[in-house]
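# Notes for the structure review
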Amino acid sequence: MANNGSGSSLGPGGLDLTNTFFKPILNSDPPIPSNRCTKVSVIGVGNVGMAIAQTILTQDIADEIALVDSKPEKLRGEMLDLQHAAAFLPRTRITASVDYAVTAGSDLCIVTAGARQNPGESRLNLLQRNVALFRHIIPPLAKSSPDAILLIVSNPVDVLTYVAWKLSGFPVNRVLGSGTNLDSSRFRFLIADHIDVNAQDVQAFIVGEHGDSSVALWSSISVGGIPVLSFLEKQQIAYEKQTLEDIHQTVVGSAYEVISLKGYTSWAIGYSVANLAYTILRDQRKIHPVTVLARGFYGVEGGDAFLSLPALLGRNGVVAVTNVHMTDEESEKLQKSAKTILEMQSQLGL
């Protein structure tokens, strides 16, 4: 991986750690230098789409935001509602249309549109309906903004990121999903709350499927730079594995709890996706657990499985995948999660 201008070695002529910590994405486009205005398009103006747009707007991430939806009256209403707040916000141009031409020249296209599951409907049938929807969304986005990065938020996010990759024809580094970025945030919060520290001092990842087969990487958790489990073992402090599993299950069930209480999730995913947008558009080269093509990483083989791994993100999308430590048990669980996703992908006929 090319050095981006700052030193990546320890001392003069020292060890180059960049290639040690990360594996480069194969067949990637070279970085695109850009000093023009930044444009973000949000496809779908439901609760999630508007939470994302509003957070991006208030955080001054984009110079222009384009909104697209199939419901023209709601779309215009949401656009006007944001425009009327112009006096209180950073100067950002806000446009909206049912025509995907409004997204032309986007740097980042965020897709939140998706069908909701009907009572008694199978997961596969729901997935097939979303694939049909994506056939109407992804090709015009790719045509209007051939150099954009596609960020998929619609669920099931892992499989739909695979669908977007297939339908767009984009290189794999420019198609990613929001994945377990929010799950990992919830994970960090619960650990921080458990030991009474700031969540920003907790380094912890949930990987794999954004769903029931996700994997909590307990072995690599650190607080203030201290590896938690190895520290407890060295101090001979006993802990129960069930306690760890209970925290993971709380993470998995967090979205269901919010949905049961208020009917939907919006603000947390809005902040999560806006955080991803900031990292990408500002070339922050931060590590996020997001949905990427996992084939060849951590023993995942057998097909083009898309699932969440800790990935280095920048202006070119997915720069590399982090070589984070996993135990044999965690690696096996990740590979099992990949098989779950591959089974769903195999039924799509793409």
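Residues numbered from 1 in each chain as written. Predicted model: local features only at pLDDT ≥ 70, side-chain atom pairs only at ≥ 80, totals over all residues. Heavy atoms only, no water.

### Observations regarding the sheet that holds strand 12 (residues 226-227)
The strand order across the open sheet built from three strands is 8-11-12, with neighbouring strands paired in antiparallel fashion. Since the sheet does not close on itself, it has two edges, and those belong to strand 8 (202-203) and strand 12, each with one partner. Sheet topology places strand 11 (residues 222-223) next to strand 12; two bridges connect them, and they run antiparallel. Bridging across to strand 12, Ser222 finds its partner in Pro227. (Pairing = 2+ DSSP bridges. Helix = DSSP H or I, 4+ residues; strand = E, 2+ residues; numbered from the N terminus.)

### Let's talk about the packing of aromatic side chains
Going through the model one piece at a time under the given rule, you end up with four aromatic pairs. For the pair Trp165 and Phe306, a centre-to-centre distance of 5.4 Å together with 45° between the ring planes defines the contact as tilted. Linking Trp165 in helix 5 (residues 157-168) with Phe306 in strand 14 (residues 306-314), this pair joins segments that are 141 residues apart in sequence. You can call Trp165 buried: its relative accessible area is 16%. What makes Phe306 buried here is its relative accessible area of 0%. Feature note: the residues Tyr162, Trp165 and Phe306 constitute an aromatic cluster, connected by ring pairs. (Phe/Tyr/Trp six-rings, centres within 6.5 Å; stacked < 30°, edge-to-face > 60°. Buried < 20%, exposed > 50% of the residue type's maximum accessible area, 1.4 Å probe, protein only.)

### Looking at the UniProt feature "active site" (unreviewed entry) in the protein
On the UniProt side, "active site" (unreviewed entry) is annotated at positions that read His210 here. The topology assignment puts His210 in the loop between strand 9 (206-207) and strand 10 (215-216). Dropping the residues within four chain positions of it, His210 is found in contact with Asn155, Val157, Asp158, Gly179, Thr180 and Asp183. (UniProt positions renumbered as here; feature names shortened; annotations may be inferred. Contact = heavy atoms within 4.5 Å.)

### Quick word on the pairing of strand 5 (residues 108-111)
Residues of strand 5 alternate between two faces, with Leu108 and Ile110 on one and Cys109 and Val111 on the opposite face, all of them buried. As paired strands, strand 2 (residues 39-43) and strand 5 are joined by four bridges and run parallel to one another. Bridged to Ser41 within strand 5 is Cys109.

### Considerations on the environment of Trp165
Along the backbone, Trp165 and Phe306 are 141 residues apart, and their C-alpha atoms lie at a distance of 9.8 Å. Excluding its chain neighbours within four sequence positions, the residues that come into contact with Trp165 are Phe170, Pro171, Val172, Val175, Leu293, Asp304 and Phe306.

### Comments concerning the pattern of salt bridges
For the structure shown, the criterion picks out six salt bridges. The residue Arg295 makes a salt bridge to Asp304 at a minimum N-O spacing of 2.7 Å. According to the relative accessible area criterion, Arg295 is partly exposed, its value standing at 42%. (Salt bridge = Lys/Arg side-chain N within 4 Å of Asp/Glu carboxyl O.)

### Some remarks on the pairing of strand 2
Burial of strand 2 is extensive: five of the five residues sit out of reach of the surface. Along strand 2, one buried face is formed by Lys39, Ser41 and Ile43 and the opposite face, lined by Val40 and Val42, is buried too. Read as a crossover between parallel neighbours, the route from strand 2 over helix 2 (residues 47-58) to strand 3 (residues 64-68) is right-handed. (Right-handed = clockwise from strand over helix to strand, strands pointing away.)

### Some words on the nonpolar core
Counting residues in hydrophobic clusters, the biggest one holds 86 residues, and the most contacted among them are Ile56, Leu67, Ile110 and Leu309. Residue-level mapping places this core at the junction of two domains, with at least three residues from each of domain 1 (35-177) and domain 2 (180-347). Apart from residues no more than four positions distant in its own chain, Leu309 is found in contact with Val207, His288, Pro289, Val290, Val292, Ala294, Phe297, Tyr298, Val321 and Leu334. (Core = buried A, V, L, I, M, F, W, Y, C linked by side-chain atoms within 4.5 Å. Domains from an automatic or database assignment.)

### Notes on unusual backbone geometry
Following Asn155, the chain continues into Pro156 via a peptide bond in cis, with omega recorded as 0°. Structurally, the position occupied by Pro156 is in the loop between strand 6 (149-152) and helix 5. Residues other than glycine seldom take positive phi values, yet Asp196 does so here, at roughly 60°. Note that Asp196 resides in the loop between helix 6 (181-195) and strand 8. For Asp196, a relative accessible area of 72% corresponds to the exposed category. Of note in this structure, Asp283 is not a glycine but carries a positive phi near 50°. With respect to the helices, strands and loops of the structure, Asp283 is situated in the loop between helix 9 (267-281) and strand 13 (286-293).

### Looking at helix 5
With twelve residues, helix 5 should reach 16 Å at 1.5 Å per residue; the first-to-last C-alpha distance of 16 Å fits that figure. In terms of burial, helix 5 is largely enclosed, as ten of its twelve residues are buried. Val157, Asp158, Val159, Leu160, Thr161, Tyr162, Val163, Ala164, Trp165 and Ser168 are the residues of helix 5 that are buried. Of the residues trailing helix 5, Gly169 is marked for its positive phi of about 75°. (Expected span 1.5 Å × (residues − 1).)

### Thoughts on the packing of helix 2 against helix 9
At a minimum axis distance of 8 Å, the contact between helix 2 and helix 9 shows a crossing angle of 50°. Our classification of the angle between helix 2 and helix 9 gives oblique. By crossing handedness, the relation of helix 2 to helix 9 is classed as right-handed. Across the interface between the two elements, Val48, Ala51, Ile52, Gln54, Thr55 and Ile56 from helix 2 touch Trp267, Ile269, Gly270, Tyr271, Val273, Ala274 and Ala277 from helix 9. Residues belonging to the contact of helix 2 with helix 9 are distributed by class as follows: ten nonpolar, three polar and no charged. (Axes fitted to C-alpha atoms, helices over the stretch in contact; angles between N-to-C directions. Parallel < 35°, antiparallel > 145°, perpendicular 65-115°, else oblique. Left-handed = near helix turned anticlockwise from the far one by under 90°. Nonpolar A, V, L, I, M, F, W, Y, C, P; charged D, E, K, R; others polar.)

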